[in-house]
Amino acid sequence: TVFQDYALFPHMTVGENLRYGIAHLSASEAGERVERICQSFRISALLARRPGEISGGERQRTALARALVTNPGLLLLDEPLSALDHRTQSLIIDDLRTWNAQRQIPILYVTHAHREAFALGERALVLDAGRIVATGTPQEVLDSPASELPAQLAGFENIFDAEIRALMPDAGTLLCRLRGTTVDLEVPVVPRAETGGYVRLAIRAGDILVATAPPTGLSARNIIAGQVQARRDAGTTVALDVIAGATSGTDSSSGALFEVHVTPHACRALDLRRERDVWLVIKTHSCHPVAS
């Protein structure tokens, strides 16, 4: 087991932590195992240091190495990378993937980060209050979620209730109106759909394109006029709040609030400021019907 807070013995050196679980082995065999695992996780230079004298990433590598040096038949990881920066996470994921490619043991990996699930997982299970609510490959569970909770975990920022206005079986789509708005979307057909029924839709903020003039000649079926209400910088992304179905001089109360992500460069180039009229472009298959 590798705990979220590492649980290294603070009074022991890195080397002593690594040898703790293999104290029953001979000195030579224990030394060989420690040397191999230190090379795999690049911590050979840390053996004489104590946990308080090394970085968070080095402590995480040590905690993983302490578990793996025992040659486990099963590995349990409890959010092991949550406190680390993106680059350190990537390096440790690569180390763990390389290590297990040679051993092929089952790993149960608890995480809230879908990036980690995609990088390491063969099967994904979504738990809610102790119940399994979704299971499948990471792609099935997180890219095409069947219910709202997996959609939220997978980063679908926009989730709406919508009324089915028309069935279009030849196109394999439905025409839906977002509840409480005048915004219509063409979305993929769902089983047992009927006119007047309701469906819940999930749309990623990064799957929505923004135009500052009415676009033409597109394959995308959903082109909706709207207005920027707010803009928030979020590192490499700018998050826009856009009222779809409302433009300058119109009543925004019947619009739908979308979160849209663009790059800072696109934001500057398009001058995406508050009260700017825009058009949202959403492909049909970017609208994922999910169960509530």
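Below is a short write-up of the structure.

What counts, and where the lines are drawn
- Per-chain numbering applies: the sequence of each chain, read as written, is numbered from 1 onward.
- The model is predicted, so local features are restricted to residues of pLDDT at least 70 and side-chain atom pairs to those at 80 or more, both for listing and for counting; the totals for chains, interfaces and linings are taken over all residues.
- Processing note: side-chain calculations cover all non-hydrogen atoms of the structure and skip hydrogens and water entirely.
- For helices the rule is a DSSP run of H or I covering at least 4 residues; for strands it is a run of E covering at least 2, with both sets numbered from the N terminus onward.
- Within these notes, the globule rule equals 2.2 Å times the number of residues to the 0.38 power, and the radius of gyration is based on C-alpha atoms.
- Here the term buried applies to any residue with accessible area under 20% of the maximum for its type, exposed to any over 50%, and partly exposed to those in between, with areas from a 1.4 Å probe on protein chains only.
- By definition in these notes, contact holds between two residues if any of their heavy atoms fall within 4.5 Å.
- The convention is simple: Lys and Arg are positive, Asp and Glu are negative, and His and the chain ends are not counted.
- Think of each charge as sitting on NZ of Lys, CZ of Arg, CG of Asp or CD of Glu.
- Residues are said to line a cavity or pocket when one of their atoms sits within 4 Å of a point; the points come from a 1 Å grid over protein atoms alone, cavities being sets where a 1.4 Å probe fits but cannot get out and pockets being open sets with protein on both sides within 12 Å along at least five of seven lines.
- Grid points are joined across faces, edges and corners, and a volume is the space filled by probe spheres set on the points.
- Residue polarity is assigned by list, with Asp, Glu, Lys and Arg as charged and Ala, Val, Leu, Ile, Met, Phe, Trp, Tyr, Cys and Pro as nonpolar; anything else, Gly included, falls into the polar class.
- Two strands are said to pair when DSSP picks up at least two bridges between them.
- Every axis corresponds to a line fitted to the C-alpha atoms, with the helix fit spanning only the stretch in contact, and the corresponding angles, defined between N-to-C directions, vary from 0 to 180 degrees.
- The rule for a salt bridge is simple: a side-chain nitrogen of Lys or Arg has to be within 4 Å of a carboxyl oxygen of Asp or Glu.

The next subject is the overall build of the chain. Within the chain, the secondary structure is distributed over eight helices and 14 strands. Radius of gyration (C-alpha) of the chain: 25 Å, far over the 19 Å computed for a compact globule of 292 residues. C-alpha atoms of the chain, sized along the principal axes, occupy 80 × 45 × 35 Å. Per-residue burial over the chain gives 42% buried out of 292 residues. When contacts within the chain are restricted to residue pairs at least 6 apart in sequence, long-range pairs at least 24 apart make up 61% of them. Separation between the mean location of the 29 positive side-chain charges and that of the 33 negative ones in the chain comes to 3 Å.

Mapping His 114 onto the fold places it in helix α5 (residues 114–120). What makes His 114 partly exposed here is its relative accessible area of 31%. For the pair His 114 and Pro 138, spaced 24 residues apart in the sequence, the C-alpha separation amounts to 8.1 Å. When residues no more than four places from it in sequence are discounted, the contact partners of His 114 are Leu 142, Leu 153 and Ala 154.

Here the largest pocket defines a volume of roughly 1,000 Å³. Along its surface, the largest pocket is lined by 31 residues, and Ile 107, Tyr 109, Gly 121, Arg 123 and Ala 124 are the ones closest to its centre. Contributing elements (two or more residues each) for the lining of the largest pocket: α4 (86–103), β2 (107–110), α5, β3 (124–128) and α6 (138–143). Partitioned by chemical class, the residues of the lining of the largest pocket number 20 nonpolar, six polar and five charged.

Next up on the list: the sheet that holds strand β7 (residues 184–188). Read from one edge of the open sheet, five strands run β7-β6-β5-β8-β14, paired in antiparallel fashion. What marks the edges here is a single partner per strand, and that holds for β7 and β14 (288–290). The average angle at which neighbouring strand axes cross in this sheet is 50 degrees, direction not considered. Where strand β5 (residues 158–168) and strand β8 (residues 198–203) come together, six bridges link them in antiparallel fashion. Residue pairing across strands places Phe 160 opposite Leu 201, the latter belonging to β8.

If you trace the five strands from one edge of the open sheet to the other, you get β9-β13-β10-β11-β12, paired in antiparallel fashion. Looking at which strands have only one partner, the edges of the open sheet turn out to be β9 (209–211) and β12 (256–262). For this sheet, the mean angle separating the axes of adjacent strands, direction not counted, is 45 degrees.

Attention shifts here to the environment of Ala 117. In this structure, Ala 117 sits in helix α5. Under the relative-accessibility criterion, Ala 117 is labelled buried at 18%. Between the C-alpha atoms of Ala 117 and Gln 60, which are 57 residues apart in sequence, the distance is 18 Å.

The next subject is the pattern of salt bridges. If you walk through the whole model with that rule in mind, you get twelve salt bridges. Between Arg 276 and Asp 271 there is a salt bridge, with the nearest N and O atoms lying 3.9 Å from each other.

Looking now at empty space enclosed by the protein. Inspection of the entire model under this criterion finds one cavity of 30 Å³ or more. The space that makes up the largest cavity amounts to roughly 30 Å³. Considering every element that reaches the lining of the largest cavity, the biggest residue donor is α4, with three residues. In the lining of the largest cavity, the residues fall into nine nonpolar, no polar and no charged.

Geometric values such as these leave the question of function open.
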